[in-house]
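Reading the structure
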Amino acid sequence: MGFKEGFLWGGATSANQSEGAYNDDGRGLANVDLSPTGESREGVLMGKIKMFDFDDNCYYPAKEAIDMYHRYKEDIALFAEMGFKVYRLSIAWSRIFPKGDENEPNEAGLQFYENIFKECHKYNIEPLVTITHFDVPMHLVEEYGSWRNRKLVTFYERLCTEIFNRYKGLVTYWITFNEINMVLEAPFLAAGLYIEEHENAQAVKYAASHHQLVASALATKIAHEVDPMNKIGCMLAANAPYPRTCDPKDIWKAKQVENQSYFFIDVQVRGEYPGYTLKELERKNIALPFVEGDQELLKQHTVDYVGFSYYSSSVVSADPEQTGTIGGNLFPSLPNPYLKASDWGWQIDPLGLRITMNDIYNRYQKPLFIVENGLGAADIPDSNGYIEDDYRISYLSEHIRAMRDAVDYDGIELLGYTVWGPIDIVSASTGEMKKRYGFIYVDRNDQGQGTFKRTKKKSFDWYRKVIATNGQDL
Ligand code: BG6
């Protein structure tokens, strides 16, 4: 019983939330650099406020983030000390192709990631690489309208060909797009889409989604051709929508919300669009930008495993009077009276993780990989600078227990588990440093002050013990 031998324990970060060094060594500007903290952030992420350049009145946390670009050796050594078997990170597209449409890559960018992967292997840590964690070079946004344009598929293909060849033997586990279903929720954050007033927002988002799905299938094809050992995953932001009541209308509403996200994974795993999406788009008079060969490509190059993030469940209702929403990973949710919530209003539901694992596994029968899970909290150091984050330990141990039950009792094949932000990084939804997920504290605040010094929290030793006992001692 318990996790199998070789289970991949570790942590996950993204380039834009950790690296900083936004214009070092030839890196180009990306959409993710242009998300300010404060009031306008949500509008920017949602593609409603146009911010294609820095505004002197705003603060942009991604510019320096936690300076991992210069400190990755120290950080990977700390991950190794915890016993990580895997480290999930993303590459910044604009480090490798600063504008996105060049024919030749930027060697400094390629070398940077090669150094990171070699550093991981020094400690027997397997890198798990997200090719796109929300980032798009700004040149592609301004010049081509980002993923609404078919040309992005070609540029992405160029990126993939480059990295699969360059990192052959160094990287085996890949994810094509982080939380691909976020395109519908936060189009600028997830796909560099600013929606013009005259545009049909749904049509733009579904066109971009189609292009990403085609790009993902193409990446899968190339990855398998370059190295048959490569394992390619899709990645879903799972939000477990529960019906508010047993009124069949609420049940149906929850199914519809769930399908809106599953549609992406249906295509990536089964290789074809589900009927419910095709019918919905037909009703809305939205034509998907299929070109010759897309159908075969999607069908022939499906993913090897299903990666997903899970932080909390949500509650939905068919009743338009039910409006009081509570926070949660950009998915709106009604309050759940049975659950407690984090400081940011994300409802804490470990059993929801087991439910989600069952839903996904029973739908696709593919190995799962939990590539994000964790608790964002406002950690307060004591007078010695130490953080006793028992609340984080409790959140994670409950979730690992639920995940173990899914393996032991429900027979789910699970490849690994990477805790989100094992070192404190910038929050994607709020841009805050104050919202911390890490086992390692980083001295940096929301005003951009601090020394970047890394300090172990109480949870650091706890996670080391969890990994050492393969998830038995929680
Ligand atoms: C996921 C993203 O949505 O949730 C991460 O893939 C993000 O990039 C994480 O950081 C946690 O969200 P937040 O807003 O608390 O940083």
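Residues numbered from 1 in each chain as written. Predicted model: local features only at pLDDT ≥ 70, side-chain atom pairs only at ≥ 80, totals over all residues.

Within an unreviewed UniProt entry, the label attached to the protein reads Amygdalase, and the organism entered is Paenibacillus typhae. Per its UniProt entry, the protein bears the Sequence similarities (unreviewed entry) comment "Belongs to the glycosyl hydrolase 1 family." (UniProt positions renumbered as here; feature names shortened; annotations may be inferred.)

**Here's the deal with the packing of helix α3 (residues 68-82) against helix α5 (residues 107-122)**
α5 packs onto α3 with a crossing angle of 20° between their chain directions and a minimal axis gap of 10 Å. As judged from the angle between their axes, α3 and α5 are roughly parallel. Crossing of α3 against α5: the hand is right-handed. Of the residues in α5, those in contact with Y72, K73 and I76 of α3 are I116, E119 and C120. In terms of residue class, the contact of α3 with α5 is made up of four nonpolar, no polar and two charged. (Axes fitted to C-alpha atoms, helices over the stretch in contact; angles between N-to-C directions. Helix = DSSP H or I, 4+ residues; strand = E, 2+ residues; numbered from the N terminus. Parallel < 35°, antiparallel > 145°, perpendicular 65-115°, else oblique. Left-handed = near helix turned anticlockwise from the far one by under 90°. Contact = placed C-beta atoms within 7 Å. Nonpolar A, V, L, I, M, F, W, Y, C, P; charged D, E, K, R; others polar.)

**A look at the nonpolar core**
Counting residues in each nonpolar core, the largest one holds 141 residues, and the members touching the most others are Y87, I91, L236, V306, F308, L368 and M403. If one sorts the elements of this core by residue count, helix α10 (residues 201-226) sits on top with 11 residues. Those residues in contact with I91 that lie beyond four places of it in its chain are A15, I96, Y113, V129, I131 and I163. (Core = buried A, V, L, I, M, F, W, Y, C linked by C-beta atoms within 7 Å. Buried ≥ 20, exposed ≤ 12 C-beta atoms within 10 Å, placed from the backbone.)

**Focus: the site of the ligand**
As a structural note, the neighbourhood of the ligand is formed by 15 residues, with E179, G376, S427, A428 and S429 the closest of them. Classifying every residue of the shell around the ligand by side-chain character gives three nonpolar, nine polar and three charged. (Near = placed C-beta within 6 Å.)

**A short note on the environment of M235**
When you line up the elements, M235 lands in strand β5 (residues 231-238). With 137 residues separating them in the primary sequence, M235 and E372 have C-alpha atoms 9.9 Å apart. Leaving out residues up to four positions away in the same chain, M235 has contacts with I175, F177, N178, E179, I180, G307, F308 and V371.

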